[in-house]
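# Secondary and tertiary structure notes
What follows is each chain in one-letter form.
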Amino acid sequence: MPGMRLEEQAMVAFRQMLEKNGLKLSPPEVKGRINFIAAGSFADHFQDQLLCEAKVTDYLGLDPMCNIGVKSGGATGGSTVLSAAMAIASGYADVALAIGWEKMSEVDTRTGNYYISMAACKDFETRLGRIYSAYYAPMAVRFTWANHLSEETRAKVAVKNHLYAIIHPMPSSPANTPCGMY
Amino acid sequence: MPSEDGPIQFKGQSAQVIRTDPALVIEWPTSVTHRHTYGKLSPFFKGLAEGRLLATKCVNPQCAEHRLWLPPRADCPDCNQPMEWQEILQPIVGTVYTYARVEYAGAGIELATPYYQIDIELPGVCTIFKGYLTSGEPQIGMKVKPGFRATNPTNTILDIYWTPVYQELIERA
Amino acid sequence: MATYPLHFLECSAMSDGAACLLLCDEKTAYKLTDRPCELYIAGGSHTLRVADRRDMPIPLLPHETAGMYEELNKREGARWPGFESFAAARFAAYFAYGMAGIKNPLDEINLIETHDAFTICDIQTYGDIGLRPYGQEADFIESGDAYYGGKCPANLSGGLIGTMHAIGATGIFLGVECLWQVQGKYDQFHGDSAIWESFGKKKPADWHSLQVANANQALWESHAGVGSHVTIGIMRKAF
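Quick caveat: nothing in here was measured; it's all calculated off a predicted structure.

Reading the values: the criteria
Residues numbered from 1 in each chain as written. Chains lettered and ligands numbered in written order. Predicted model: local features only at pLDDT ≥ 70, side-chain atom pairs only at ≥ 80, totals over all residues. Heavy atoms only, no water. Salt bridge = Lys/Arg side-chain N within 4 Å of Asp/Glu carboxyl O. Buried < 20%, exposed > 50% of the residue type's maximum accessible area, 1.4 Å probe, protein only. Core = buried A, V, L, I, M, F, W, Y, C linked by side-chain atoms within 4.5 Å. Helix = DSSP H or I, 4+ residues; strand = E, 2+ residues; numbered from the N terminus. Contact = heavy atoms within 4.5 Å. Buried area = accessible area lost by both parts, 1.4 Å probe. 1 Å grid on protein atoms, 1.4 Å probe; cavity = no way out; pocket = protein on both sides within 12 Å on 5 of 7 lines; lining within 4 Å. Points joined across faces, edges and corners; volume = space filled by probe spheres on them. Nonpolar A, V, L, I, M, F, W, Y, C, P; charged D, E, K, R; others polar. pLDDT = per-residue confidence, 0-100. Phe/Tyr/Trp six-rings, centres within 6.5 Å; stacked < 30°, edge-to-face > 60°. Lys NZ or Arg CZ within 6 Å of the ring centre and 35° of its normal.

As a further point, take the pattern of salt bridges. For the coordinates displayed, the defined rule picks out 25 salt bridges over all chains. Two residues, C:Asp139 and C:Arg132, come together in a salt bridge whose shortest N-O distance is 2.8 Å. The partly exposed category is assigned to C:Asp139, whose relative accessible area is 36%. What makes C:Arg132 buried here is its relative accessible area of 10%. If you follow the salt bridges from partner to partner, you end up with A:Arg5, A:Glu7, A:Glu8 and A:Lys55 in one network.

Right, let's get into the nonpolar core. Grouped together as the largest cluster of nonpolar side chains are 98 residues, with contacts concentrated most on C:Leu21, C:Tyr97, C:Ile112 and C:Phe140. Residue contributions to this core peak at 10 residues, all from helix H8 (residues 167-182) of chain C. Leaving out residues up to four positions away in the same chain, C:Phe140 has contacts with C:Leu106, C:Ile112, C:Tyr126, C:Leu131, C:Arg132, C:Asp145, C:Ala146, C:Cys152 and C:Ala154. Ranked by size, the runner-up nonpolar core spans 39 residues in total, among them A:Leu128, B:Val96, B:Val144 and B:Trp162.

Turning next to the interface of chain A and chain B. Listed as interface residues are 24 residues of chain A and, on the opposing side, 35 residues of chain B. Interface area for chain A against chain B, summed over the two sides, is near 2700 Å², with a carbon-plus-sulfur share of 63%. For the pair chain A and chain B, the number of links is two salt bridges. A salt bridge links B:Glu110 to A:Arg127; the nearest nitrogen and oxygen atoms lie 2.9 Å apart. The set of elements that each furnish at least two residues to the side of chain A that touches chain B consists of helix H6 (109-117) and helix H7 (133-147) of chain A. Looking at which element gives the most residues to the side of chain A that touches chain B, the answer is H7(A), with seven residues.

Attention now goes to the layout of surface pockets. The computed volume of the second largest pocket comes to approximately 1800 Å³. Lining the second largest pocket are 42 residues, with A:His45, A:Asp48, A:Val107, A:Tyr115 and B:Thr30 sitting closest to its centre. Listing elements by their share of the lining of the second largest pocket, those giving two or more residues are helix H1 (6-20), helix H3 (44-47) and H6 of chain A together with strand S1 (17-19) and strand S2 (25-26) of chain B. Of the residues that constitute the lining of the second largest pocket, the class distribution is 17 nonpolar, 12 polar and 13 charged.

Any segment with low pLDDT has predicted coordinates that should not be analysed in fine detail. Here chain C averages 92 in pLDDT, and 95% of its residues register 70 or above. Both scores are available for the predicted complex, with the pTM at 0.91 and the ipTM at 0.93.

What follows deals with the packing of aromatic side chains. Applying the stated criterion to the full structure yields 21 aromatic pairs over all chains. Geometrically, the ring pair formed by A:Phe36 and A:Tyr92 is edge-to-face, given 6.2 Å between the ring centres and 90° between the ring planes. With a gap of 56 residues between them, A:Phe36 in strand S1 (residues 36-40) and A:Tyr92 in the loop between helix H5 (76-89) and strand S3 (95-103) connect regions that are remote in the sequence. Using a relative accessible area of 6% as the deciding quantity, one classes A:Phe36 as buried. If you follow C:Arg79 out to its NZ or CZ, it ends over the ring of B:Tyr97, 5.8 Å from the centre.

Next comes the structure, spelled out in structure tokens:
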């Protein structure tokens, strides 16, 4: 999706949150109450931009409030929410924004796969495939062997999720899998 | 005399425009070389080039874990004390714990695909060691033995590879 | 085939995207909305290299019984979590259920959003979060429990496989979908023609609602790679 830069993507989410959720206070009032921001993305590599959290906080007009960049691989989103939750639960903040983004379309698939595979041990694993599915696949093989998991069962998960995605307005490329129905 | 383009000469390459709709998209090439250190694990990689498999072991009598670590670590994660090197001596026979067939690999892949990535259980080692097969097809429970790229080392983990134990028996017959 | 045994359609696609959640203290929550939700959230971690995961005792969830995994442990080469399960997810669930006072997730949670980067880690997770005992994970999908209309529908958002995996946004997007379900807003955000048009699409003629009736609690899981980090969040209706 080359239509937007990463902070422009973040703005779409931020405005939807403020404007479309039937909040009882106006967007400027809600925004004015935010006193902590947790902001996360998987890898600076994809965006080819360090300190994206600074770009995003600035672009949304939330500076000079404290913002912290959060990373924990694919769990980044959850960790970002956890960081915001800790700010509230501890009494440090009254209102905290948890925001996340990724811009993966700027590299080709093979490079994207290599970047993701860098979230594996660089010296002992990455060179053995440079692709993330090669780290999941051994788990699939062993789990299948141990639990007699069939390909059909795995396919049911995929088909179910693809079918639910077709009636979701937001995905960029939902696939209508013609094979198999539940 | 200032050049036609402007008073300060542009010394790079113009960014190529690859799309204009829905937004202007340019190509932005990058190329990076790191001078990466193997640090305290240097003996392991030197060992591979010599055809030797080195592991580390915690020797702290107060620590409960005394099995070998492969991949090796310089410091014990349980008691944080420095570990010591111990060579795993030949004949080395491991058991395939699990595997993956790599067909579509990421950018920069240095092995010809398709090939099998395998995870190997070794006696006396508390972890499982990831590697690759250079012949045969893996099965969980299959026995494998290591080979080393000692003649033209790559100076990476790829300097150790595995082959099924039966292969040697077939070749000898 | 991506990497045996995973087929291309079992893998999520790299995407562009963004998502956000607004959290606040209780007083502010009721000022902002008539449909606030309580959030319980906890995290767990494990080694980056799966193969480094030494065998360890399984932390039991409230509804599990001591000794129930003895046979599992006796299997040849068995180790927990090994390559089959995720200690990070089990830890996160253990603490999240403890905080939220959940005794039996299958009975008390109305829907889940899991991190289905690949079908396999989804299925593995069903055991980690206690929807089925370890070793019986496949039954969660085979029994129909995982489908809309089932006991605990999973990934009504389409998840990562169906919808998107703009990695930094994913773990927030799943929380948002949980929130909207518990607030009863599924139709508003998935069925409004104007929203479809704003994304340059047309609402399908056969569109149907996946709103779970009387959704009281929803759980989402945010998971890193092969389980080096897992966070589990629970949205609970507070109106």
